[in-house]
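# Geometric and topological summary
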Amino acid sequence: MIRKAIIPAAGYGTRFLPASKAIPKELIPVVDKPTIQYVVEEAVAAGINEILIIISRGKEAICSHFNPDPVLEDLLRQKGRESSLETLKSLQEKAQIHFIYQEEMKGLGDAVLCARDFAGQETVAILLGDTILHHASPPSPLEGMMEVHRNRGGSVIAVRRVPRQRVSQYGVISGQPIDPRLTRIQGMVEKPKPEEAPSLLAVSARYLVTPQLFECLADTLPGVGGEIQITDALDQLCRREVVYGYEFDGIRLDIGNQLEYIKSNLMLGLHEPAMREALLQFMAEQVSIHGSANPAASEG
Ligand code: G1P
């Protein structure tokens, strides 16, 4: 039973400037709520009830978003806005959310290492706070990963196949396929050149890790970009313990990328019954104005 999650949300968000200058990128809304709220809801839906969000200086608005606000709650009660009140309170009741600072921006691996005491001796989930995983039907990608851990033990990393020209944006795994969606990972490399990538399976923002990962992180030296990379620690981990790559059903929406951010709003908006028809009509109008898409331009 995995009951703890770590959500790194400490990065500068340089890819999303200027929008992310004063507002943490994780708080930029998709349709009607901040990206990081989707991430917290995903964890809670998978049975997690203790969450540690890792922030950095200047990103305190993330704490304000999740902390109770008695004045606002009273106001909503007085105005009879019970449904808004319920929306605000429901997450707070289902999970305890804590915060910790990453003192220096030394990379994702260093941010995760700040959660070492929180994780203790448990297998924990790590969910990147700027990425929504959208799935059409249960189980969610995280729940699927938990099932693999329950049945086989070890650590489990979400992966998905990407076109070769995009591997240099990701951590990429190498290993042996052991069933249609599982790979026993033998090595991992952060942001390889397309011609050097060991596979097309890219790490996708969700990890379940045993306590050994923190031992590996403590020994990890700065890597790509001069930062401590979680991928390098996982590369060590898979030499000590079993680590699986899990190809999930679903779509990864990385809001740190402008095009994906716009697509995320459209895609999740289309899942809102109140907006669906109007959005479809709007998109049809836009296609008739701008002409149909060149399939070669698709991101894949
Ligand atoms: C991070 C990880 C990378 C992973 C990616 C998407 O990169 O370092 O291994 O593939 O997230 O989950 P970033 O997007 O922060 O550059």
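Quantities reported herein were computed from a predicted structural model and do not represent experimental measurements. (Residues numbered from 1 in each chain as written. Predicted model: local features only at pLDDT ≥ 70, side-chain atom pairs only at ≥ 80, totals over all residues. Heavy atoms only, no water.)

Okay, the packing of helix α3 (residues 70–78) against helix α4 (residues 82–94) next. One can describe the packing of α3 onto α4 by two numbers: an axis separation of 8 Å at closest approach and a directional angle of 145°. In the crossing of α3 with α4, the sense of the turn from one axis to the other is left-handed. Of the residues in α4, those touching α3 at Leu72, Glu73, Leu76 and Arg77 are Glu82, Ser84, Leu85, Leu88, Lys89 and Gln92. Counted by class, the contact of α3 with α4 contains 4 nonpolar, 2 polar and 4 charged residues. (Axes fitted to C-alpha atoms, helices over the stretch in contact; angles between N-to-C directions. Helix = DSSP H or I, 4+ residues; strand = E, 2+ residues; numbered from the N terminus. Left-handed = near helix turned anticlockwise from the far one by under 90°. Contact = heavy atoms within 4.5 Å. Nonpolar A, V, L, I, M, F, W, Y, C, P; charged D, E, K, R; others polar.)

Next up on the list: the pattern of salt bridges. A complete count under the given rule lists 21 salt bridges for this structure. With its nearest N and O atoms 2.7 Å apart, the salt bridge here joins Lys191 to Glu190. Ionic contacts of the salt-bridge type, sharing partners, join the residues Arg15, Lys25, Asp130, Arg252 and Asp254 into one network. (Salt bridge = Lys/Arg side-chain N within 4 Å of Asp/Glu carboxyl O.)

The next point concerns α4. Spanning 13 residues, α4 covers 18 Å between terminal C-alpha atoms, matching the ideal 18 Å at 1.5 Å per step. Listed in full, the buried residues belonging to α4 are Leu85, Ser90 and Leu91. If you follow the buried residues of α4, they end up packed against α1 (35–45), α2 (61–66) and α3. (Expected span 1.5 Å × (residues − 1). Buried < 20%, exposed > 50% of the residue type's maximum accessible area, 1.4 Å probe, protein only.)

Turning to the site of the ligand, a few remarks are in order. Neighbouring residues of the ligand: 13 residues in total, closest Gly171, Glu190, Lys191, Val203 and Ala205. Glu190 is positioned with one of its side-chain polar atoms (N or O) 2.7 Å from an oxygen atom of the ligand. Measuring from an oxygen atom of the ligand, one finds a side-chain N or O atom of Lys191 at 2.7 Å. For the ligand, the protein covers 83% of the area, taking 380 Å² as the surface of the free molecule. Here the shell around the ligand gets 3 residues from one element, more than from any other, and that element is strand β11 (residues 201–209). The residue makeup of the shell around the ligand, split by class, is 5 nonpolar, 4 polar and 4 charged. (Near = heavy atom within 4 Å. Polar contact = N/O pair within 3.5 Å; in protein donor to acceptor, adjacent residues only side chain to side chain. Areas by Shrake-Rupley, 256 points an atom, 1.4 Å probe, with all protein chains shown as cover.)

As a further point, take the state of the cysteines. By the definition in use, this model includes 0 disulfides. The thiol of Cys114 is unpaired, and the distance to the nearest cysteine sulfur, on Cys63, comes to 14 Å. Residue classification places Cys114 among the partly exposed positions, given a relative accessible area of 25%. Take Cys238: it sits in no disulfide, and the sulfur closest to it among the cysteines is that of Cys216, at 9.0 Å. (Disulfide = S-S within 2.5 Å.)

What tends to happen in soluble globular proteins is that the nonpolar side chains get buried as a cluster. Counting residues in hydrophobic clusters, the biggest one holds 35 residues, and the most contacted among them are Val40, Ile48, Ile51 and Ile53. Among the secondary structure elements, those contributing two or more residues to this core are β1 (4–8), α1, β4 (50–55), α2, β6 (124–127), α7 (141–152), β8 (155–161) and β12 (243–247). Looking at this core element by element, the count peaks at 5 residues for α1. In this structure, Ile51 is in contact with Ala5, Ile7, Val40, Ala43, Val44, Ala95, Gln96, Ile97, His98 and Phe118, ignoring residues within four places of it in sequence. In this structure, Leu52, Phe118, Val203 and Leu234 belong to the second largest nonpolar core, which totals 32 residues. (Core = buried A, V, L, I, M, F, W, Y, C linked by side-chain atoms within 4.5 Å.)

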